[in-house]
Amino acid sequence: MTAILSATNSTLNVPSTAVGIYKVQVTIDDCASEFSDETPIIVKGDLVGYSNSVDVYPNPVENYLELSGIKNDISDFQLVDLVGRRNIIEFEKHTDVYRANVQHLTQGIYLLRIKEGDMLHRFKVVKR
């Protein structure tokens, strides 16, 4: 755990490089509170090169997630749950569609980030 010494206001603006899990402790004079529950911070702000030209379906998904509209190879991807844990999936290319088995994922909301060349595609995916 690392203290953010400059975080002395009632709000904290988190830069895009500060993704992580945060908790708060309030100190007044010599009296300090218990730490709050941990809160994951997932940055979803707009980035240069962001595109909506890729489709993700079906969404909500049960068994297989598919991507269409990818013109170049996928250089990186992440599927993160709302607690901030990265989940392992593998996309396989089938002609013009990428497909991933997601049967092993638990029900919930996930954030999918696909990097295609210098383009970044981001989606909210719901697993049934």
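Preceding this section is the structure that the text describes.
Conventions used here
The residue numbers shown here count from 1 along each chain, following its written sequence. Note on the predicted model: pLDDT of at least 70 is required for a residue's local features to be given, and 80 or more for side-chain atom pairs to be given and counted; whole-chain, interface and lining totals, by contrast, use all residues. To obtain the side-chain values, all non-hydrogen atoms of the structure were included, while hydrogens and water were left out. Paired strands are those between which DSSP finds at least two bridges. We count a stretch as a helix when DSSP gives it H or I for four or more residues in a row; a strand needs E for two or more, and each element gets its number in order from the N terminus. Only the stretch in contact is used when fitting a helix axis, every axis being a line fitted to C-alpha atoms; angles between N-to-C directions are given from 0 to 180 degrees. The term salt bridge refers to a pairing of a side-chain nitrogen on Lys or Arg with a carboxyl oxygen on Asp or Glu at a separation within 4 Å. Burial classes follow relative accessibility: with a 1.4 Å probe on protein chains only, a residue under 20% of its type's maximum area counts as buried, one over 50% as exposed, and anything between as partly exposed.

J.: For this particular structure, what's the right way to read the pairing of strand 6 (residues 64–68)?
T.: Sheet topology note: the strand 5 (residues 55–57)/strand 6 ladder contains three bridges and is antiparallel. Across the sheet, Val56 pairs through a bridge with Leu67, a residue of strand 6. Linking strand 5 back to strand 6 in an antiparallel pair, the connection comprises six residues. Alignment of strand 6 against strand 10 (residues 97–101), held across five bridges, turns out to be antiparallel. Residue pairing in the sheet places Tyr64 in a bridge with Asn101 of strand 10.

J.: It is not clear to me how the sheet that holds strand 10 should be interpreted in this structure. Could you clarify?
T.: The pairing of strands in a sheet comes from backbone hydrogen bonds and takes either a parallel or an antiparallel form. What the four strands build is an open sheet, ordered 5-6-10-9; its pairing is antiparallel. Two strands lie at the open edges of the sheet, namely strand 5 and strand 9 (91–94), each paired on one side alone. Each adjacent strand pair in this sheet contributes to an overall mean axis angle of 25 degrees, direction not counted.

J.: Can you walk me through the pattern of salt bridges in this structure?
T.: When charged atoms on two side chains of opposite charge get close, those side chains can pair. Evaluation of the coordinates by the stated rule reveals four salt bridges. Across the salt bridge formed by Glu66 and Arg99, the nearest N and O atoms sit 3.6 Å from each other. Within this pair, whereas Glu66 is found in strand 6, its partner Arg99 is found in strand 10, the two being separated by 33 residues in sequence. The partly exposed category is assigned to Arg99, whose relative accessible area is 31%. A salt bridge links Arg85 to Asp81, with the shortest nitrogen-to-oxygen separation between them at 2.8 Å. Residue class for Arg85 comes out exposed when judged on its relative accessible area of 52%.

By themselves, these are just geometric observations and shouldn't be taken as functional.
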